[in-house]
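Read off the chains here:
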Amino acid sequence: MASGEKFDCIVVGAGPAGTTCAYTLAKAGLSVVLLERGEAPGSKNVMGGILYSTILNKVIPNFWEEAPVERRVVKKVFSVLSADSELQMGMRFENFNKPPFNNTFTVLRGKFDAWYAKKAEEAGVMILNQAVVDKVITEGKKAVGVKTRLEDGDLFADMIVVAEGVGSLLAERLGLRERHVPEHMVTCCKEVIALPKEVIEERFNIEGEEGVSLEYFGGSVKGMVGSAFLYTNKETISVGIGVSTRDLKYNKLTPNDLIENFKEHPSIRRLVKSGKLLEYSAHMIPEFGYDHLPKLTMDGLILAGDAAGFVNMNPMFHEGSNLAMASGLYAAETIIEAKKKNDFSEGGLAGYRKRLEDSFVFKDLKRYKGISNFATKHPEFFKEYPELLVELAEDFFTVSETPKGKSRMAVIKKGLKRVNLLKLAIGMNRARKVMF
Ligand SMILES: Cc1cc2nc3c(=O)[nH]c(=O)nc-3n(C[C@H](O)[C@H](O)[C@H](O)COP(=O)(O)OP(=O)(O)OC[C@H]3O[C@@H](n4cnc5c(N)ncnc54)[C@H](O)[C@@H]3O)c2cc1C
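Here goes a summary of the coordinates provided. If you're wondering where the values come from, they're calculated on a predicted model, not measured in any experiment. (Residues numbered from 1 in each chain as written. Predicted model: local features only at pLDDT ≥ 70, side-chain atom pairs only at ≥ 80, totals over all residues. Heavy atoms only, no water.)

1. Digging into the site of the ligand
For the ligand, the set of nearby residues contains 37 residues, the closest of which are E36, G48, I50, D306 and S321. The separation between an oxygen atom of the ligand and a polar side-chain atom of R109 is 2.7 Å. Listing elements by their share of the shell around the ligand, those giving two or more residues are α1 (16-27), β3 (50-52), β15 (276-286) and α9 (321-341). Looking at the shell around the ligand element by element, the count peaks at three residues for β15. (Near = heavy atom within 4 Å. Polar contact = N/O pair within 3.5 Å; in protein donor to acceptor, adjacent residues only side chain to side chain. Helix = DSSP H or I, 4+ residues; strand = E, 2+ residues; numbered from the N terminus.)

Right, dumping it as structure tokens:
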């Protein structure tokens, strides 16, 4: 490749957004270079591990037959923890055991991203690893290329897609978004812990390719705004926490303190017991919310995936992968359209926003845009209420010679003493509006 070579499109970042975009463009016959700062796609990537795949299944139908997915999630468990106890709601759906497996798979990003990038390469994408992009080159108001740390230096294209994930300094330097603030960020850390396959299946009551996702609220992150998770892979489990960066700072705790505390909880200790730590990583999740999205396009450039803040903040889903892939796909479709018209201006790229608006991406972002504000205004839903709920359940089921009617009344009285009913009703109503 010669310095100054011109492509139809340069995609920055080989995560789910960038690779989906590059793959789709190459399939349509456009010349594409995909630049990844890591040694290989996936080497720098962190994700809890649930790949939501409605979009991937459109891009590569029945991808699970060849992709290195770990397990299909047939069981979902939601738990509220207090300091030492747990209240759990679990579900298992046999339909999720049949194709397309509810489009919910556990994956390890190191393996998955490498496979996906290989598919893009086979489709004609030129992939350059260890290619850090430092700057988007502009001519007037138009993006025309990128400055890389590669020997060959600058690359040029009709279109640049910035899919470099949450940090996205390129977007900030271009003035497309403001500097990140702790209020809009979640700090995460994750461990991959090895356990024999048979132990995982027995411990989590699953068999064959089946997998389980467990989400923990309340005491899992010491009552801060956030949650913890545990997902089963073939021969490992992914364990992690995600917590409001603002809360973490305020409480002067580190992600490492939280994950260690979580793993020592009596309910979790026995799930991770005798496992061997293979990987530890820390990362951020953008939770800008619909009202704080960046500017998504400029002449010759599109922002996609986490770089644009496309993450569903609802803690029941933690869905970023599918939104990243959807935005990568819509970016590619918009660029194909722009190429036909030979119009790469911001106006010529208006189809990108339209596609996002017509899809689940913006509909979900709009639907759940109030979650962050709710969490700030109602910290009791993360600490006091979960603790009380577990305590009342324990009281209710504690066996004694007190007549059941009397012990039930004692539980109700205790609840009423500790909770302001009006505040609870207002909070529940707001929670219903922003979460469901
Ligand atoms: C702990 C954790 C748990 C999560 N759990 C889930 C989950 O279970 N399910 C889910 O759907 N989502 C989850 N997410 C969110 C999900 O990981 C992201 O939404 C998704 O990865 C976004 O994809 P992306 O392609 O936009 O960015 P990324 O996956 O971050 O990919 C960006 C790529 O760009 C590269 N890059 C960055 N800067 C440059 C540069 N300057 N030059 C060249 N390359 C660059 C990076 O190395 C990386 O490969 C989780 C996130 C975290 C942190």
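2. Considering empty space enclosed by the protein
For the coordinates displayed, the defined rule picks out one cavity of 30 Å³ or more. Of the voids in this model, the largest cavity is the one considered here, and its volume is about 30 Å³. Taken together, the residues of the lining of the largest cavity break down into four nonpolar, one polar and two charged. (1 Å grid on protein atoms, 1.4 Å probe; cavity = no way out; pocket = protein on both sides within 12 Å on 5 of 7 lines; lining within 4 Å. Points joined across faces, edges and corners; volume = space filled by probe spheres on them. Nonpolar A, V, L, I, M, F, W, Y, C, P; charged D, E, K, R; others polar.)

3. Digging into the pattern of salt bridges
A side chain of one charge can pair with a side chain of the opposite charge when the charged atoms of the two come close. Under the criterion given, the structure shown has 26 salt bridges. R92 is paired through a salt bridge with E210; the nearest N and O atoms lie 2.7 Å apart. Taken as a pair, R92 in strand β5 (residues 86-92) and E210 in strand β12 (residues 210-218) lie far apart in primary sequence, 118 residues in all. Here R92 falls in the partly exposed class, since its relative accessible area comes to 39%. Connected through salt bridges with shared partners, the residues E391, D395, K414 and R418 form a single ionic network. (Salt bridge = Lys/Arg side-chain N within 4 Å of Asp/Glu carboxyl O. Buried < 20%, exposed > 50% of the residue type's maximum accessible area, 1.4 Å probe, protein only.)

4. Section: the pairing of strand β8 (residues 133-139)
By the bridge criterion, six bridges tie β8 to strand β9 (residues 142-148) in an arrangement that is antiparallel. Paired with V136 across the strands is V146, a residue of β9. Hairpin connection, β8 to β9: the antiparallel pair is bridged by two residues, and G140 has positive phi, about 65 degrees. (Pairing = 2+ DSSP bridges.)

5. Examining the packing of aromatic side chains
Under the definition given, this model contains 17 aromatic pairs. Considering the side-chain rings of F63 and F105, the 5.4 Å spacing of their centres and the 75 degrees angle between planes classify their relative orientation as edge-to-face. With F63 in the loop between α2 (54-59) and β4 (71-81) and F105 in strand β6 (residues 104-106), the pair connects residues that are 42 residues apart, well separated along the chain. In terms of burial, F63 and F105 fall into one category: buried. When the ring of F229 is compared with that of Y231, the centres are 4.9 Å apart and the planes differ by 15 degrees; the resulting orientation is stacked. Neither F229 nor Y231 differs from the other in exposure class; each is buried. Ring-pair connections join several aromatic residues into one group, and the members of that group are F63, W64, F101 and F105. (Phe/Tyr/Trp six-rings, centres within 6.5 Å; stacked < 30°, edge-to-face > 60°.)

6. Observations regarding α1
Note that an α-helix has 3.6 residues per turn; residues three or four places apart therefore point the same way. For α1, built from 12 residues, the straight-helix expectation of 16 Å at 1.5 Å per residue is met to within 8% by its first-to-last C-alpha distance of 16 Å. Among the 12 residues in α1, 11 count as buried, and that is most of the element. Inspection of α1 places P16, A17, G18, T19, T20, C21, A22, Y23, T24, L25 and A26 among the buried residues, and these make up the whole buried set. Tucked inside the fold, the buried residues of α1 contact β1 (6-12), β2 (32-35), α2, α3 (109-122), β10 (154-162) and α9. (Expected span 1.5 Å × (residues − 1). Contact = heavy atoms within 4.5 Å.)

7. Considerations on a nonpolar patch on the surface
On the surface, M409, I412, L416 and L421 cluster together into a nonpolar patch covering about 360 Å² of accessible area. Considering every element that reaches the nonpolar patch, the biggest residue donor is helix α14 (residues 404-418), with three residues. Structurally, L416 is set in helix α14. Taking relative accessible area as the criterion, L416 reaches 46% and is therefore assigned partly exposed. (Patch = residues over 30% accessible without salt bridge, like charges linked within 9 Å, V, L, I, M, F, W, Y side chains within 5 Å. Areas by Shrake-Rupley, 256 points an atom, 1.4 Å probe, with all protein chains shown as cover.)

8. Details of the state of the cysteines
Counted according to the given criterion, the structure contains zero disulfides. C9 takes part in no disulfide bond, and the closest cysteine sulfur, belonging to C21, lies 5.2 Å away. For C9, a relative accessible area of 0% corresponds to the buried category. (Disulfide = S-S within 2.5 Å.)

9. Observations regarding a positive patch on the surface
On the surface, R367, K377, R430, R432 and K433 cluster together into a patch of positive charge. With three residues, the single largest contributor to the positive patch is helix α15 (residues 421-435). Structurally, the position occupied by R430 is in helix α15. By relative accessible area, R430 is classed as partly exposed at 41%. (Lys, Arg positive; Asp, Glu negative; His and termini not counted. Charge placed at Lys NZ, Arg CZ, Asp CG, Glu CD.)

10. A look at the packing of helix α13 (residues 384-397) against α14
Relative to each other, α13 and α14 sit at 165 degrees, their axes nearing to 9 Å. With respect to each other, α13 and α14 are oriented roughly antiparallel. The two elements α13 and α14 meet at a crossing, and its hand is right-handed. Counted together, L388, E391, L392, D395 and F396 of α13 and R408, V411, K414, G415 and R418 of α14 form the full contact between these two elements. Grouping the constituent residues of the contact of α13 with α14 by class yields four nonpolar, one polar and five charged. (Axes fitted to C-alpha atoms, helices over the stretch in contact; angles between N-to-C directions. Parallel < 35°, antiparallel > 145°, perpendicular 65-115°, else oblique. Left-handed = near helix turned anticlockwise from the far one by under 90°.)

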